[in-house]
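# Summary of structural features
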Amino acid sequence: MLDGFVLLLVVVAVFWKLALTNLIIARGDVLTYFYPYLDYAAEATRQARLPLWNPYLFMGVPFLANSQAGFFYPFNRLMSWLPVTRAVNLTIILHAWLAGMGLYTFARRNLRLTRLAALTSSMAFAVGGYLAAQVEHVNQLQGLAWLPWLFVCFEAGPFGWIGLALTIALQLFAGHTQAAFISLTGLGAYALLTTPPRPWRAWLRRMAAFVGAIVLGAGLAAVQLVPTMELTQLSMRGGGLSLRESLSFSLKPALAGRALLPIYGPAIFPEYIAYIGIAGLALATLGVMASWRNARPRALAILCGLGLFFALGAYNPLYIAL
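What you see as residue numbers is a count from 1 along each chain, following the sequence as written. With pLDDT at 70 or above as the cut-off, local features in this predicted model cover only qualifying residues; side-chain atom pairs require 80 or more to be listed or tallied, and sums for whole chains, interfaces and linings still use all residues. Hydrogens and water are ignored here; the side-chain numbers use all heavy atoms of the structure.

### Brief notes about the pattern of salt bridges
Any Lys or Arg side-chain nitrogen found within 4 Å of a carboxyl oxygen on Asp or Glu counts as a salt bridge. Summed over all chains, the structure comprises four salt bridges. As a salt-bridge pair, Arg 27 and Glu 136 come within 3.0 Å of each other at their nearest N and O atoms. Of the two residues, Arg 27 is situated in the loop between helix 2 (16-20) and helix 3 (28-46) and Glu 136 in the loop between helix 7 (129-132) and helix 8 (138-144); the sequence distance between them amounts to 109 residues. The rule is simple: take the accessible area with a 1.4 Å probe, protein chains only, and divide by the maximum for that residue type; under 20% is buried, over 50% is exposed, in between is partly exposed. Exposure remark for Arg 27: the relative accessible area of 52% places this residue in the exposed category. The exposure class of Glu 136 is buried, given its relative accessible area of 12%. Glu 155 is the salt-bridge partner of Arg 296, the closest N and O atoms lying 2.9 Å from each other. Highlighted residues: Arg 296 in helix 17 (residues 295-311) and Glu 155 in the loop between helix 9 (147-154) and helix 10 (160-174), separated in sequence by 141 residues. Elements are defined by DSSP. Helices are runs of H or I of four residues or more, strands are runs of E of two residues or more, and each kind is numbered from the N terminus.

Here it is in structure tokens:
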């Protein structure tokens, strides 16, 4: 509990303007997209009605079917009685802390790290560049906060699959489909890397439970997924993406260093940022080198490599072929 409180103090210290003042984020997607959507959803909640339709855009558009509104995400509904700007500030603080606590739990329980090492890891993740750069994408931050909890539940034994299904449902309710897709793809790779192929029946049971948890999680989130899938067919992307669109936001190799190290020049695009501090990067490198023979740290290092490999996009011939 003490470590969780220390982590909360660190999160509040980093995001003190959001936590302790009346300042708000007045730029980007949070200003032009999420404030209006979350405010309309909160108003509908206070009026005890289901907001199927949004009459305030164009001649009216579907609202509930747009998963980015996050109407069924429990934390959004719990904050419906707050002013929307205060609710967004609070959800940023809350989900940065949840993300850090998830990593702390995984580090202590599954990686067997010391309290200091686990707390250091959780702080690097909770207030590091990757999550901090996504604060204006509220649903993306909410979805990514559950990433470490997916790994915790996956490693939690027979009853962990129920928690895994619930966590998957929460990610889907948050409304950022890419975050859920990338998280589950990463978890699937981790499962393959850490599950011994023999005895094959035990391997098959573990993989079947993993797939079953995904199916159950999607079933729990079906109230959101079904109308969203229907709306998707009517969207401008309903026919899929062109190659050019699929390769957009590719990470230029020349930017990789600036993504991981401090930026002393013009800021780079937020989606590229993965900065956890020079000390954090050094400690992570030493940690991988010292524990390479351990299956879990080795799998996580390989997972980082796979993420970087596919992030290159247009600069990766295999990605283009896929």
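### With respect to helix 9
The buried fraction of helix 9 is high, at six of eight residues. Of the positions making up helix 9, those classed as buried are Pro 148, Leu 150, Phe 151, Val 152, Cys 153 and Phe 154.

### Considerations on the nonpolar core
Here, nonpolar core refers to any group of buried Ala, Val, Leu, Ile, Met, Phe, Trp, Tyr and Cys residues whose side-chain atoms link them within 4.5 Å. With 30 residues, the main nonpolar core has Leu 150, Phe 151, Phe 154, Leu 164, Leu 187 and Tyr 190 as its most contacted residues. Elements that contribute at least two residues to this core include exactly helix 5 (84-109), helix 9, helix 10, helix 11 (177-194), helix 12 (200-220) and helix 17. With nine residues, the single largest contributor to this core is helix 10. The criterion used for residue contact is that any of the two residues' heavy atoms lie within 4.5 Å. Those residues in contact with Tyr 190 that sit more than four places away from it in its chain are Phe 106, Phe 151, Phe 154, Glu 155, Arg 296, Ala 299, Leu 300 and Leu 303. By size, the runner-up hydrophobic cluster in this structure holds 28 residues, among which are Phe 15, Ile 25, Met 101 and Ala 179.

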